[in-house]
Amino acid sequence: MVGLVIVGIFIAVGILAPWLAPYDHDAADFAKARQGPSAAHWLGNDEIGRDMLSRLIFGARLSLLVGLIPVSIGLAVGVPMGLLAGYFGGRLDMVIMRLIDIMLAFPGILLAIMLAAFLGPGLTNLMIAVGITSIPVYTRLVRGSTLSVKQEQYVEAARAVGVAHFRLIRLYIFPNVLAPIVVQSSLQIASAILSAAALGFLGLGVPPNLAEWGTMLQKGRTYIFSAIHIVTFPGLAIALTVLGFNLLGDGLRDALDPRLRVA
Amino acid sequence: MTAYVIRRIFMVFPVLLGASFLVFISLRLVPGDPAMAIAGELATPALIAQVRQDMGLDKPLATQYVIYLGKVLRGDLGRSIKSHLPVTQEILARLPNTILLACTSLALAALIGILLGIAAAVRPYSWIDGGSMTLALSGVSMPVFWLGLMLMILFAVLLPRWFGLERSIFPPTGSGTWKHLVLPTVTLAANSMAILARMTRTTMLEVLRQDYVRTGRAKGLAERTVIWRHALRNALIPVVTIMGLQFGILLSGAVLTETVFAWPGIGRLLVDAISYRDYPVVQGVILFIAVGFTFVNLVVDIFYAYLDPRIHYA
């Protein structure tokens with residue numbers, strides 16, 4: 001429930017950013033550079049005097065984007081691969097799973113770092129890099145679920161009456177592997193936001209003028225000892241949002257898998 | 001067991017081949033001429049032509065890969081554009097620092113994570129459980145680099161200000177003494193600690209419901225003996241596997257932590273190389289970490305099969 005509330009607020013802030021932001025998030029005011037929180041600027045000003053609160057509000061919009069688009073890439077590629085590997089098995093399964101093993105040889109965000117480093121910085125490249133790293137998660141998850149669902153009697157019955165393979169996957173298998181996909185997607189959005197922020201922090205994210213939380217942290221790092229607020233608030237925003245999606249994922253898992261409620 | 005180990009070892013080769021191909025092909029993602037990317041933007045046309053010839057860039061892609069693989073197998077990862085030193089030498093010079101940081105972080109994460117997990121599982125739904133799991137969830141959700149920056153602010157700005165100290169108890173950047181290791185270790189350990197705490201809680205809860213635990217209690221064993229000697233040993237089997245995998249993940253997490261604390265390891269080498277567009281170093285470090293991670297996984301899987309005989313019969 002807490003997760004749902006946090007995620008709800010985050011999405012609302014992202015969508016309503018232009019109406020919620022008290023100032024123009026791009027307007028620099030060098031006279032106010034690095035000033036701490038005040039009545040006029042609740043969260044203070046950044047290194048070139050832009051209003052931190054307004055930038056954080058617009059940052060929610062970008063984070064929403066870098067959370068959703070990469071996960072969509074992961075879903076669009078990973079889920080069909082998992083369905084095909086699990087359903088058909090044999091050589092196709094072996095080839096797909098070896099490809100996934102190769103991607104998983106790059107731990108954590110290393111694959112995203114490599115892709116972003118060679119593709120170059122930019123919002124699109126960032127989303128592609130993070131999106132590609134989420135493919136293996138979905139493929140493995142969906143393959144596992146498909147393997148168990150395809151043993152069910154209703155699938156065997158459908159096969160016995162001659163339902164074509166792809167129709168069977170679409171109508172009988174896919175709806176029954178949807179629950180773990182939904183749960184994983186919430187956790188995956190959290191992971192994508194964290195990865196995107198990490199790439200932003202390493203200078204591999206969006207252009208510096210965009211209000212992306214990780215990039216804001218990277219820019220504020222120079223003033224860490226003189227203007228604490230510049231690095232504190234963007235990190236807090238990332239942590240809270242990621243916590244919200246993680247809580248939502250945990251809650252969804254408990255709701256969709258009653259066995260876990262006892263544990 | 002032997003058959004399983006041999007089969008598992010053979011599975012490593014296609015993964016390593018594929019990973020090396022991904023690293024090799026990644027240079028082709030760079031817009032423009034790969035020879036210029038390798039030689040550096042300031043390289044003369046003659047040098048670019050030399051690089052093109054050395055790397056066989058005028059040859060078919062498959063031939064280029066074979067040349068690349070042959071060099072990698074001989075330990076030749078190319079030369080750094082920035083320092084002109086062999087990339088292997090650059091990596092090996094910094095590797096001990098990264099391994100030291102990963103080891104101390106894993107030790108801290110295991111100690112605190114497992115203790116938190118046990119405390120939570122022994123009293124499920126109590127305030128201890130709630131507190132431990134909230135801490136664990138925060139650890140999973142917090143950006144590693146932000147935690148590092150917050151610790152720097154706490155130890156280098158706030159604590160000296162509050163207690164009138166001249167300098168920070170733990171230096172916020174650099175290396176050389178054990179004190180330099182404290183803040184990076186805590187930062188890098190946070191995420192793994194959270195994962196290990198959650199994992200230990202789940203497996204302990206499962207084990208505590210087993211018949212042999214009930215038997216132990218029924219025959220009058222002290223609760224401490226039941227938990228520490230009977231339940232924990234079995235609950236730790238999957239936790240040990242996760243710990244092994246965490247070691248590899250810590251190697252990549254070190255990229256961010258080392259950047260925050262200016263720790264001279266391979267993670268920082270990678271980030272410096274990215275900002276300098278020192279592509280041979282970027283490729284070398286990434287391949288090195290991927291190969292290291294694959295071997296750590298191999299050892300963990302074999303160790304797991306040794307601990308749990310059901311694995312190699314499956």
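Rules used in this analysis
- Residues numbered from 1 in each chain as written.
- Chains lettered and ligands numbered in written order.
- Predicted model: local features only at pLDDT ≥ 70, side-chain atom pairs only at ≥ 80, totals over all residues.
- Heavy atoms only, no water.
- Salt bridge = Lys/Arg side-chain N within 4 Å of Asp/Glu carboxyl O.
- Helix = DSSP H or I, 4+ residues; strand = E, 2+ residues; numbered from the N terminus.
- Buried < 20%, exposed > 50% of the residue type's maximum accessible area, 1.4 Å probe, protein only.
- pLDDT = per-residue confidence, 0-100.
- Contact = heavy atoms within 4.5 Å.
- Patch = residues over 30% accessible without salt bridge, like charges linked within 9 Å, V, L, I, M, F, W, Y side chains within 5 Å.
- Areas by Shrake-Rupley, 256 points an atom, 1.4 Å probe, with all protein chains shown as cover.

Participant: Got a minute to help me understand the pattern of salt bridges in this structure?
Facilitator: If charged atoms from side chains of opposite charge come close, those side chains can pair. All names here are of chain A. According to the stated counting rule, one finds 15 salt bridges over all chains in the structure shown. The salt bridge partner of Asp46 is Arg50, with a shortest N-O separation of 2.8 Å. The partner of Arg253 in a salt bridge is Asp250, and the shortest N-O contact between them spans 2.8 Å. In this pair, Arg253 and Asp250 are both assigned in helix 11 (residues 228-256), three residues apart and thus about one turn of the helix distant. Residue classification places Asp250 among the buried residues on the basis of a relative accessible area of 16%. Each of Asp26, Asp46, Glu47, Arg50 and Arg55 takes part in a single network of salt bridges with overlapping partners.

Participant: Could you clarify how one ought to interpret the confidence of the model for chain A in this entry?
Facilitator: Predicted coordinates in regions of low pLDDT should not be interpreted in detail. For chain A, per-residue confidence averages 90 on the pLDDT scale, and residues scoring 70 or more make up 97% of the total. The secondary-structure element of chain A with the lowest mean pLDDT is helix 12 (residues 259-262) of chain A, recorded at 51, while helix 3 (residues 52-88) of chain A shows the highest, at 94.

Participant: How do you make sense of helix 11 (residues 266-276) of chain B when you look at a structure like this?
Facilitator: Helical periodicity: at 3.6 residues per turn, an α-helix aligns residues three or four positions apart in one direction. When helix 11 of chain B is considered as a whole, its buried residues turn out to be Ile266, Gly267, Leu269, Leu270, Val271, Ala273 and Ile274 of chain B. Those residues of helix 11 of chain B that are buried lie in contact with helix 5 (110-119) of chain A together with helix 5 (87-122), helix 10 (223-261) and helix 12 (279-307) of chain B.

Participant: What should I look at first to understand a nonpolar patch on the surface in this one?
Facilitator: Residue and element names in this part refer to chain A. Taken together, the side chains of Ile11, Ile15, Leu16, Trp19 and Leu20 present a nonpolar region at the surface, about 520 Å² in accessible area. Looking at the nonpolar patch, the elements that each hand over two or more residues are helix 1 (2-15) and helix 2 (17-20). Mapped onto the elements of the fold, Trp19 is located in helix 2. Take Trp19: its relative accessible area is 69%, and that puts it in the exposed class.

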